[in-house]
Amino acid sequence: MTVGTALRLLAVMMLWASCFPLITIGLDLAPHIAFAALRAAVAGLCLIVLGALCGRPVPDGGCAWILIVVVGLGATSMGFLGMFHAAEFIAPGLATVIANVQPIIAALLAGVFLGERLDAIGKIGLVVGLAGIAVIAWPGPAADYVEGYSLGIAYVVLAAIGVAVGNIAMKRLTGQADPIMAMGFQLLIGAAPLALLSVQSEDVTLLKWSTEFVLILAALSILGSSLAFWLWFEALERVDLNRANAFTFLVPIFGLMIGAAFFGERLETVQVGGAVLVLTGILLVQRGAGSSVR
């Protein structure tokens, strides 16, 4: 892995870690799903406009477009839906930790669809990581957070599954489409189901177009989505998915630091232990990740 790729991945993890706190702040200013749809739509439009200005080619071929749709429905529709709803029920730092079940799900899927195999160490890592997720998600230690804790966990897991599926499709898409245009169109495609669901289930007139909301939306869209997806796709062009996902262990660390600094979050001892298990499991998965056999 080159220094440039490693720096791209570090930047992506920092950007992703900041998303849950920003979502938490913005939830009081807009209906949840409408907020998610706006984030995806603005991010997609920014990338497509940038791509057009830079003369980047529009994706071509049925296979590329199918993969773009899968990425959009998985990473954006499911991912954003889970993230925005989860932020209502559980603290942002904790949500960031639990979301890291994604590399474990992706590692399982990568063996089937990408030919990225795990050795014995990697398989042990899956078990350890899943055990850590179970410890963190156990409702007992977090009973004093908010009502609906279990539902919040479910939404985070939904987001993780969507992102994992999207990452598999994204890895298959590498080399078949321009990164800027591919990520721009998948974000727009992913925004469509969210917008439809919002119109059917929410009162969109509750959206408050204040300066605060516009700044939060801009940060989530441009930095947390447009830039993050662009850098992530470019990294996946250079390394296997499992190896790129090794950097994801930094997200909960960054997330917990943000939660402690700005939200006064404090984790129970058992949850700290669970976080250690998650990080250990993910690291073992990455150590046991073989190169793609494709």
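The structure contained in this document is the topic of the report that follows.

Cut-offs used in this document
- Residues numbered from 1 in each chain as written.
- Predicted model: local features only at pLDDT ≥ 70, side-chain atom pairs only at ≥ 80, totals over all residues.
- Heavy atoms only, no water.
- Core = buried A, V, L, I, M, F, W, Y, C linked by side-chain atoms within 4.5 Å.
- Buried < 20%, exposed > 50% of the residue type's maximum accessible area, 1.4 Å probe, protein only.
- Helix = DSSP H or I, 4+ residues; strand = E, 2+ residues; numbered from the N terminus.
- Contact = heavy atoms within 4.5 Å.
- Salt bridge = Lys/Arg side-chain N within 4 Å of Asp/Glu carboxyl O.
- Axes fitted to C-alpha atoms, helices over the stretch in contact; angles between N-to-C directions.
- Parallel < 35°, antiparallel > 145°, perpendicular 65-115°, else oblique.
- Left-handed = near helix turned anticlockwise from the far one by under 90°.
- Nonpolar A, V, L, I, M, F, W, Y, C, P; charged D, E, K, R; others polar.

## What to know about the nonpolar core
In summary, soluble globular proteins display a tendency toward joint burial of nonpolar side chains.
Phase 1 of the analysis: Ranked by size, the top nonpolar core spans 75 residues in total, and within it Phe35, Phe80, Phe84, Leu173 and Trp232 carry the most contacts.
Phase 2 of the analysis: With 10 residues, the top contributor of residues to this core is helix α10 (residues 211–236).
Phase 3 of the analysis: Residues in contact with Leu173, not counting those within four places in the same chain, are Ala64, Leu67, Ile68, Ala182, Met183 and Phe233.
Phase 4 of the analysis: Judged by nonpolar contacts, the second largest core, of 7 residues, contains Ala86, Phe89, Tyr149 and Ile153.

## Topic: the pattern of salt bridges
Phase 1 of the analysis: Taken as a whole and assessed by the stated rule, the structure comprises 2 salt bridges.
Phase 2 of the analysis: With a shortest N-O distance of 3.2 Å, Arg8 and Glu234 are connected by a salt bridge. Linking Arg8 in helix α1 (residues 3–17) with Glu234 in helix α10, this pair joins segments that are 226 residues apart in sequence.
Phase 3 of the analysis: The class for Arg8 is partly exposed, based on a relative accessible area of 23%.
Phase 4 of the analysis: Here Arg56 and Asp178 are joined by a salt bridge, their closest N and O atoms 2.7 Å apart. With Arg56 in the loop between α3 (32–53) and α4 (62–89) and Asp178 in the loop between α8 (149–173) and α9 (179–201), the pair connects residues that are 122 residues apart, well separated along the chain.
Phase 5 of the analysis: When its relative accessible area of 29% is taken as the criterion, Arg56 is described as partly exposed.
Phase 6 of the analysis: The class of Asp178 is buried, set by a relative accessible area of 13%.

## Section: the packing of α8 against α10
Phase 1 of the analysis: The interhelical angle for the contact between α8 and α10, taken along N-to-C directions, is 60°, at an axis separation of 9 Å. What the angle tells us is that α8 and α10 run oblique. Crossing angle aside, the handedness with which α8 passes α10 is right-handed. Facing α8, whose interface residues are Asn167, Met170, Lys171 and Leu173, α10 presents Phe229, Trp232, Phe233 and Leu236.
Phase 2 of the analysis: Class assignment of the residues belonging to the contact of α8 with α10 gives a composition of 6 nonpolar, 1 polar and 1 charged.

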